[in-house]
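Observations on the model geometry
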Amino acid sequence: MDCCRITDLNSKQVINTKTGCRLGFVNDVEINTCDGRLSALIIFGRSRLLGRRDGDIRIYWKDIEV
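Scope of this entry: the structure provided in the associated data block. None of these values were measured; they are calculated from a predicted model. Residue numbers restart at each chain and count upward from 1, following the sequence in its written direction. Totals for whole chains, interfaces and linings use all residues, but because this is a predicted model, local features are given only for residues with pLDDT of at least 70 and pairs of side-chain atoms are given and counted only at 80 or more. Only hydrogens and water are removed before side-chain values are computed, so all heavy atoms of the structure are retained for them.

This part takes up the sheet that holds strand β4 (residues 37-43). Read from one edge of the open sheet, 3 strands run β3-β4-β5, paired in antiparallel fashion. Since the sheet does not close on itself, it has two edges, and those belong to β3 (28-32) and β5 (57-60), each with one partner. Ignoring strand direction, the axes of neighbouring strands in this sheet form an average angle of 25°. Pairing between strands requires that DSSP locate at least two bridges from one strand to the other. Only DSSP runs of H or I covering at least 4 residues are called helices, and only runs of E covering at least 2 are called strands; the numbering of each starts at the N terminus. Only C-alpha atoms enter the line fits that serve as axes; for helices the fit covers just the stretch in contact. Angles between N-to-C directions range over 0 to 180 degrees.

Quick look at the structure:
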């Protein structure tokens, strides 16, 4: 089993395998505190005026292909 630190995920680019579209880089993660497992990766939406962002993208771990 390969191990990876959460900080290593920040440098990973996420690509939609169906469309080939680049979604961006991993900005945050969701962890299930009951079992200690990673449940989703979060990609922040584009920055807008006055510090606001478009909608964030949540990709559930079960949907990820390496």
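Glancing now at the layout of surface pockets. Detection works on a 1 Å grid of protein atoms alone, calling trapped sets that fit a 1.4 Å probe cavities and calling open sets with protein on both sides within 12 Å along at least five of seven lines pockets, with lining residues defined by an atom within 4 Å of a point. Grid points are joined across faces, edges and corners, and a volume is the space filled by probe spheres set on the points. One number sums up the size of the largest pocket: a volume of about 610 Å³. Surrounding the largest pocket, 20 residues form its lining, Val14, Ile15, Ile59, Ile64 and Glu65 being those nearest its centre. Mapped by element, the contributors of at least two residues to the lining of the largest pocket are β1 (13-15) and β5. Residues are grouped as follows: Ala, Val, Leu, Ile, Met, Phe, Trp, Tyr, Cys and Pro are nonpolar; Asp, Glu, Lys and Arg are charged; every other residue, Gly included, is polar. Looking at the lining of the largest pocket residue by residue, the classes come out as 12 nonpolar, 3 polar and 5 charged. There is about 440 Å³ of room inside the second largest pocket. Lining the second largest pocket are 12 residues, with Asp2, Cys3, Cys4, Leu38 and Trp61 sitting closest to its centre. For the lining of the second largest pocket, the secondary structure elements donating two or more residues are α1 (6-9) and β4.

By themselves, these are just geometric observations and shouldn't be taken as functional.
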